[in-house]
Structure formats: structure tokens, C-alpha cells
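Spelled out, the chains give:
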Amino acid sequence: MRTQLDRWLVSHGAELVALRRDLHAHPELSKHEQGTTAKIAALLEAAGLKPRLLPTGNGIICDIPGDPAGPVVALRADMDALPIQDAKDVPYKSTVDGVCHACGHDVHTTVALGAGLALAEMGGLRGTVRLVFQPAEEVFDGGAPDMIDAGALDGVSRIFAVHCDPRIAAGLVGIRVGPLTASADSIRVTLAGPGGHTARPYLTADVVEAIGRVVTEVPALLGRRTDPRSGVSLVFGAIHAGQAANTIPQAAYALGTVRILDHDAWSSAPTLISQLVHEVVAPTRATADITYTRGVPPVVNEPGATGILAEAARAGLGADAVVGTPQSMGGEDFSWYLEHVPGSMARLGVGRPGEQLDLHQGTFDVDERAIATGVRLLAHTAVAALAG
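Conventions we followed
- Numbers given to residues run from 1 along each chain, matching the order in which its sequence is written.
- Reporting in this predicted model follows two pLDDT cut-offs: at least 70 for local features of residues, and 80 or more for side-chain atom pairs to be given and counted; totals over whole chains, interfaces and linings ignore these cut-offs and use all residues.
- Hydrogens and waters are ignored; side-chain quantities use all the structure's heavy atoms.
- Among the buried residues, those of types Ala, Val, Leu, Ile, Met, Phe, Trp, Tyr and Cys that are joined through side-chain atoms within 4.5 Å form a nonpolar core.
- Relative accessibility thresholds used throughout: buried, under 20% of the residue-type maximum; exposed, over 50%; partly exposed, between the two (1.4 Å probe, protein chains only).
- Here the axes come from fitting lines to C-alpha atoms, over the contacting stretch only for helices, and the angles between their N-to-C directions go from 0 to 180 degrees.
- Secondary structure elements are taken from DSSP: a helix is a run of H or I of four residues or more, a strand is a run of E of two residues or more, and numbering for both begins at the N terminus.
- For classification, angles of less than 35 degrees are called roughly parallel, those exceeding 145 degrees roughly antiparallel, those between 65 and 115 degrees roughly perpendicular, and all remaining angles oblique.
- Note: crossing handedness is left-handed where the near helix turns anticlockwise from the far helix by less than a right angle, and right-handed where it turns clockwise.
- For this analysis, residues touch if any pair of their heavy atoms sits within 4.5 Å.
- Only Asp, Glu, Lys and Arg are considered charged, only Ala, Val, Leu, Ile, Met, Phe, Trp, Tyr, Cys and Pro nonpolar, and every remaining residue, Gly among them, polar.
- Criterion for a salt bridge: a side-chain nitrogen of Lys or Arg within 4 Å of a carboxyl oxygen of Asp or Glu.
- Disulfide assignment relies on a single distance test, namely cysteine sulfur atoms paired within 2.5 Å.
- For Phe, Tyr and Trp, where Trp contributes only its six-membered ring, two rings pair if their centres lie within 6.5 Å, and the inter-plane angle classes them as stacked under 30 degrees, edge-to-face over 60, or tilted in between.
- Here, a charge over a ring is recorded when the distance from Lys NZ or Arg CZ to the ring centre is within 6 Å and its angle to the ring normal is within 35 degrees.
- Under the rule applied, a polar contact is a pair of N or O atoms within 3.5 Å (in protein, one hydrogen donor and one hydrogen acceptor; residues adjacent in sequence only if both atoms are side-chain atoms).

## Description of the nonpolar core
So, step 1. By size, the foremost hydrophobic cluster in this structure holds 56 residues, and its most contacted members are Leu44, Val129 and Phe133.
So, step 2. Counting residues in hydrophobic clusters, the runner-up holds 51 residues, among them Val215, Phe236, Leu272 and Val296.

Structure, rendered in C-alpha cells:
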């Protein structure tokens, strides 16, 4: 298989790079990926496959048939871009003002398509490989639930994915058993009081002082009410209260994110954080309203699936290509699939020599040799999972 893939990539590698550049030049925001979907669907149809689109036209489920008695293994890719200005001076720079593939989803889409087309051409699969091209990974609750509702996981035994990582050199893949990313939820704390004069705060509820307590004391208390191994992080990124220097306002609010590595701690977080907010606010006489919005659970790589992924990486890329990877406090809606079936996500090294880039920056770019690495990884993983 390794030799077959090498030959396929020699014939089609340049086409994959060109596709990635085209996607990069024409990015689409979350829930608006119709153009990307149409391009990928056309390429699948040209290969004789039968892609099925979401009713909204911005997602694809496509089976690569093999032995009908065999299992179904899914390969997932996300397609959306970010509301970030592309700051690179490259021929494939984004042509859409304020929108950029700054997280590598153009690479994810290209890699999954390449793996699928290669497997379809080689044939002889011991089961079915399902390609899942999803929208809206970058927004809270993500596009994964829509794909699941549309049947993306029907009959699936395992699911796999890659995520670009500029900290890892191209040609390498990072693999980890257990928690890979954190949950990502959002919280809004709104405090209310009668308002008043700053000369007489004792006659009212000072919501400015109270919101200050919330943003400092609640995160600190979380560290004493949760197991530190669960990696609970509450960080507030926005606070608003009042207009005038001599007036205590009637309302104040703070917006923040909650990120957690442990699934059990994630399940109990809304109740615990709400309780802590009320405890902190109670002495101030303000009233508190908490809106806790679920985003995505943590990605927890299942040991069996991760073992398949690691062995496939060694078989397809060589033992030296597999490296460890740390946990990340970033969120990833691949986790929704793992709520239903076992699976694993690998970090695809895209680091460019001499550069220290990060995701979600307008300067983000990849070493395009990583595309062939990703195709080899996903193709070998799918075949190994069907055999296992």
C-alpha cells in the first residue's frame, strides 16, 4: 500500500497543492461553506463517487465502497475559515476581505479528499470509508452535530481526523492517548442593582465592585473546588459597567470562556460555576443571572483507535515520523463525534523551517509537504481500522 500511495501522490500531489491554494484564496466563514462544498463534491463525483450534501449545501457525506460486509470507518475534515485578515504576501492570498484560512482547514479538507480519492482508486477495501466534510467548526456548538443528525455516524465503528500544528515540523505527526483538547464553553454573568451615587455606595448594591469580585474570585475558587488534574480554566475577556464616573450603574456584565480537559468536570461545570458566582455576589446585595452556553466537549482520544492511528502512521510514514503532542486548551468540535463512537485525532505537522507561526493569526501558513503526509496518514489509518 505504501508503494501504491507513493505512486498516486506522484501523479496527483500537485493537484492537491493546487486545490489547497484555491481553497485558501477563496475562504468561507462558518455556515457559509457552499462554494467549498460544491468544489469538493464535484471532485468526488468526477471520481465516480456519490457525495450527499447537507440540505443547507455546506457539508458532505461520501462513502467509498468496499466489502459491504465490512465495517464503516469515517475520516472527518472541517471546511470553514476565520474572520481574520490575511496578512501574507503569497499568490494564494485570500481574495475575501477579512476572511482567512488561519487554522488550516483548507489543508484538512485537501488531506481528507486526497486520502479518499487515493483509496477509491486503489480499491479492495475491507469495508466502507466514509468521508465527512463538515461546516462551522469555528463557532460554538460547531457543525459536527448537524453532520451527526444527517447520518454521518450511521453504522460507523471508528472515526479519525487531523489538525494542523505549526509547532510540529512538516513530515511529522503528533499522537496522544486521552485528552487532546479542552472543552470550550462560554459564560455571561449579568449583575443588577438599584443604582445610585458613588458618594453613597452603602445605600445601594455596587455592581461595579461586585463584577470585579466575580472576575477575580470565581476563577480562583474554581482552583479549590475542582481536581487540578481536570485542567479547569475560566477566563473573562470582556467587562462592561456604567457610563459616568460619579454614578453606580444598575447593571454590569462579564463575558468569559470555560475550558476543561476532563469530561466529568466538564459535565458538572455549569452547576458549580453558577453556585460560585452566587456565593461571591451574595454579600454585595446585587442579583446575579448566569447564562452558561455549551460549546464543545473535550476531545478525548480513545486508546484503541489511537493505537490504530499510531501503528498506521509508523507503517505509512516511518517510526521516526511519530512524535508525542501535549494537551491543548483550545476547543475542537471533533469531540461531538467521540461522544458517539471511538476515534482519535492526530496533530499534523505543518511547521515551516525558520518560522514560529501560530494558529488564528493572519500570517499563518503551512509547509505544503504536509499534505502528502496527511494523505498517507489517513489512508493507512482507514485501511488499518477496516482490518482491525
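## A word on the packing of helix α1 (residues 2-25) against helix α2 (residues 34-46)
So, step 1. Across the interface, α1 lies against α2 with an axial gap of 11 Å and an inter-helix angle of 160 degrees. Taken together, the axes of α1 and α2 lie roughly antiparallel to each other. The chirality of how α1 crosses α2 is right-handed. Between α1, through Leu19, Asp22 and Leu23, and α2, the contact on the second element is made entirely by Thr36, Lys39, Ile40 and Leu43.

## Looking at the packing of helix α7 (residues 303-317) against helix α9 (residues 369-387)
So, step 1. Running from N to C, α7 and α9 point in directions that differ by 125 degrees, and their axes come no closer than 8 Å. By the criterion of interaxial angle, the relationship of α7 to α9 is oblique. Crossing of α7 over α9 shows right-handed handedness. Along its contact with α7, which presents Ile308, Leu309, Ala312, Ala313, Ala315, Gly316 and Leu317, the element α9 presents Thr373, Arg376, Leu377, His380, Thr381, Ala384 and Ala385.
So, step 2. Of the residues belonging to the contact of α7 with α9, the class tally is nine nonpolar, four polar and one charged.

## Let's talk about the pattern of salt bridges
A pair can form between side chains of opposite charge whenever their charged atoms are brought close.
So, step 1. Throughout the structure, instances matching the rule amount to 20 salt bridges.
So, step 2. For Asp365, the salt bridge goes to Arg352, with nearest N and O atoms at 3.4 Å. Residue Asp365 is located in the loop between β16 (343-351) and α9, and its partner Arg352 is located in the loop between β16 and α9; the two are separated by 13 residues in the primary sequence.
So, step 3. Via salt bridges that share partners, Arg20, Arg21, Asp106, Arg352, Glu355, Asp365 and Glu368 belong to a single interconnected network.

## Let's talk about the state of the cysteines
So, step 1. The final tally for this structure, using the stated rule, is zero disulfides.
So, step 2. Here Cys103 stays unpaired: no disulfide links it, and the sulfur of Cys164, its closest cysteine neighbor, is 7.6 Å away.

## Looking at the packing of aromatic side chains
For any pair of aromatic rings, the description consists of the separation of the ring centres together with the inter-plane angle of the planes.
So, step 1. In the structure shown here, the tally under the stated rule is two aromatic pairs.
So, step 2. Ring centres 5.9 Å apart and planes at 50 degrees place the aromatic pair Phe334 and Tyr337 in the tilted group.
So, step 3. Residue classification places Tyr337 among the buried positions, given a relative accessible area of 0%.
So, step 4. A cation sits over an aromatic face here: Arg188 above Tyr253, 4.0 Å from the ring centre.
So, step 5. When the ring centre of Trp266 is taken as origin, the NZ or CZ atom of Arg294, which lies over that ring, is 3.9 Å away.

## Here's the deal with the side chain of Asp78
So, step 1. For Asp78, the location among the structural elements is in strand β3 (residues 72-78).
So, step 2. We classify Asp78 as buried; its relative accessible area is 0%.
So, step 3. Here His105 takes part through its side chain, which lies 3.2 Å from a polar atom of the side chain of Asp78.
So, step 4. Looking at Asp78, its side chain comes within polar contact range of the side chain of His108, at 2.7 Å.

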